[in-house]
Amino acid sequence: MKRELIDRFFFPGVWQSVQRKLLENETQSKTDNSPVTIADYGSQAVVSWALERQLPAGTFSMIAEEDSEDLRKEDGKAMLQRITELVNSIPSKDAVLSSEDVLCAIDRGKAEGGVQGRHWVLDPIDGTKGFLRGEQYAIALALLDRGSVVLGVLGCPNLPLSGLSDDGSSPVGCLFTAVRGAGTTVHAIDRSVQPRKVRVSDLSDPALAAFCESYESAHSKHDLTSGIAKMLGVTASPIRMDSQAKYGAMARGDAAIYLRFPHKGYREKIWDHAAGSIVVEEAGGVVVDAAGRALDFSKGRYLDLDTGIIATNPSLLTAVLTAVETCVGSKSFL
C-alpha cells in the first residue's frame with residue numbers, strides 16, 4: 001500500500017486534534033456499555049468512503065466495528081451533525097459528504113467475512129477509552145484474503161517513534177505497515193524520519209522479558225497474567241496500554257510478550273487483532289491462542305479461540321505456553 005494512499009486513510013493529525021477537543025457530549029455508550037465517540041464514527045466513515053473509491057466497482061467488502069443505528073435515532077441527530085462536520089474537515093477528502101452519505105459509509109462495514117473472497121477489516125478507533133484519556137489508541141486496518149490476513153496497517157498517533165522508553169525528545173506518532181511475506185515497516189506519521197524495517201525482540205530468557213497487556217482490567221485478567229509472568233520469572237512491571245498499539249510496540253521490540261486473557265463469556269472480534277497480528281508476525285513474532293494455535297480469521301466477525309491470546313517471539317513461545325497452561329489450569333485463576 002503506497003504511503004500516499006495510507007495518508008488518505010490515517011489522517012492522524014485530525015484525530016489528535018479531535019482528541020484534544022473532545023467534549024463529554026460527544027461520547028455515547030453502545031449496547032455493551034462501551035464508549036463510542038465522534039472519532040470512531042468519523043474514522044469509519046472516511047476509511048470506508050475512501051477505500052471504496054480506490055477499488056474496482058462492486059469489489060468492496062468491509063467488516064468494521066460501528067454501525068449507524070444509534071445515529072439514525074432522534075437523539076443521535078446532533079452527534080451525526082458533528083460527525084458530518086468532522087468528516088468534511090479532513091483535508092485529504094476531495095468531496096463533501098451529506099449526513100446520509102456518512103450513515104451509508106458507516107454501514108458499509110456490515111459484511112460478515114468468512115473464507116470466501118476479500119474483506120477489509122477496520123477498527124476505526126481501537127482503544128476508545130485510551131483515546132478519551134488522551135493516551136494510546138490506534139486506527140487499525142487489515143485485508144483478509146480467503147480468511148487469511150495478508151496486509152495490516154496500524155496508525156498509532158500517540159506512540160513515541162523511538163520506543164516506549166523515549167525521554168520525550170523523539171517524534172510522536174507511528175504508522176506500522178505489514179504485508180504478508182514482505183516484513184513490517186514503521187513510518188513516522190509526520191514524515192520526519194525515514195521508514196525502517198522492525199523486528200521483534202530476540203530475547204530467549206523469559207526472566208529478562210518485558211510483557212505488555214491491556215490497560216483495563218475489565219479487558220484482560222491481570223491476576224492471571226501476573227501469575228504467568230511470575231512463573232516465567234519476569235521481574236519487570238507490566239507495560240499496560242490500550243489498543244493494538246501493543247502489537248506495534250511488540251513488533252519493534254519494546255516488549256517480548258503480550259498476554260490477553262478476557263473474562264469468561266467475552267468473544268474476541270476480528271477487528272481487535274487482524275492488523276496487529278500481521279504486524280507482529282511479519283516482524284518475526286508469533287501470535288497464537290492459549291493452546292498454541294494460530295488465530296483463525298475465516299469464521300466471520302468473531303474469533304473462536306482457546307482462553308486467550310499470546311504474542312511473543314519463537315524463542316520464548318514454548319516457555320510462555322507452558323506457563324499459560326499451568327496458570328490457566330489453576331483454580332485460583334478461574
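Figured I'd write up the structure that's included with this text. Model, not experiment: these values are computed from the prediction.

Let's talk about the pattern of salt bridges
Working step 1: Applying the stated criterion to the full structure yields 20 salt bridges.
Working step 2: With a closest N to O distance of 3.9 Å, Asp107 and Lys110 form a salt bridge.
Working step 3: On the basis of relative accessibility, which here comes to 17%, the residue Asp107 falls in the buried class.
Working step 4: Between Arg267 and Asp304 there is a salt bridge, and its shortest N-O distance comes to 3.4 Å. Of this pair, Arg267 sits in the loop between strand E12 (257–260) and strand E13 (268–269) while Asp304 sits in the loop between strand E15 (302–303) and strand E16 (309–312), placing them 37 residues apart in sequence.
Working step 5: Overall, the relative accessible area of 43% leaves Arg267 in the partly exposed class.
Working step 6: Note on Asp304: relative accessible area 53%, which makes it exposed.
Working step 7: Three or more residues joined by partner-sharing salt bridges are found here, namely Arg72, Glu100, Asp107 and Lys110.

Section: the sheet that holds E12
Working step 1: Taken in spatial order, the five strands line up as E11-E10-E12-E16-E14 in an open sheet, and their pairing is mixed. Strands at the two margins of the open sheet, each flanked by one partner only, are strand E11 (239–241) and strand E14 (286–289). Along the sheet, successive strands turn relative to each other by an average axial angle of 20°, direction set aside.
Working step 2: Relative to E11, strand E10 (residues 211–214) runs parallel, the two sharing three bridges. Counted as the bridge partner of Ser214 is Met241 from E11.
Working step 3: The strands touched by helix H10 (residues 314–328) within the sheet are E12, E14 and E16, with E16 carrying the most contacts at an inclination of about 150°.

A short note on the packing of helix H3 (residues 38–54) against helix H4 (residues 77–88)
Working step 1: At their nearest, the axes of H3 and H4 sit 9 Å apart, and the two run at 50° to each other. Comparing the axis directions of H3 and H4 gives the class oblique. The interaxial crossing formed by H3 with H4 has right-handed handedness. Across the interface between the two elements, Ile38, Ala39, Tyr41, Gly42, Ala45 and Val46 from H3 touch Met79, Arg82, Ile83, Leu86 and Val87 from H4.
Working step 2: Of the residues that constitute the contact of H3 with H4, the class distribution is nine nonpolar, one polar and one charged.

Comments concerning H3
Working step 1: For H3, which comprises 17 residues, the first-to-last C-alpha distance of 24 Å matches the rise-based estimate of 24 Å (1.5 Å per residue) to within 8%.
Working step 2: Counting buried residues along H3, 14 of its 17 residues qualify, which places the element largely inside the surrounding structure.
Working step 3: Put simply, Thr37 is the residue that caps the front of H3, since its side-chain oxygen is 3.1 Å from the backbone nitrogen of Ala39.

Quick word on the side chain of Ser68
Working step 1: Take Ser68: it is sitting in the loop between strand E3 (62–64) and H4.
Working step 2: Residue Ser68 is classed as buried on the basis of its relative accessible area of 2%.

As for H4
Working step 1: In a regular helix each residue adds 1.5 Å, so 12 residues correspond to 16 Å; H4 covers 17 Å between its end C-alpha atoms and thus fits that length.
Working step 2: Listed in full, the buried residues belonging to H4 are Met79, Leu80, Ile83, Thr84, Leu86 and Val87. Taken down its axis, H4 places every buried residue within 160° of arc, on the same side.

Thresholds, definitions, all that
- Residues numbered from 1 in each chain as written.
- Predicted model: local features only at pLDDT ≥ 70, side-chain atom pairs only at ≥ 80, totals over all residues.
- Heavy atoms only, no water.
- Salt bridge = Lys/Arg side-chain N within 4 Å of Asp/Glu carboxyl O.
- Buried < 20%, exposed > 50% of the residue type's maximum accessible area, 1.4 Å probe, protein only.
- Helix = DSSP H or I, 4+ residues; strand = E, 2+ residues; numbered from the N terminus.
- Pairing = 2+ DSSP bridges.
- Axes fitted to C-alpha atoms, helices over the stretch in contact; angles between N-to-C directions.
- Contact = heavy atoms within 4.5 Å.
- Parallel < 35°, antiparallel > 145°, perpendicular 65-115°, else oblique.
- Left-handed = near helix turned anticlockwise from the far one by under 90°.
- Nonpolar A, V, L, I, M, F, W, Y, C, P; charged D, E, K, R; others polar.
- Expected span 1.5 Å × (residues − 1).
- Polar contact = N/O pair within 3.5 Å; in protein donor to acceptor, adjacent residues only side chain to side chain.
- Arc of directions from axis to C-beta.

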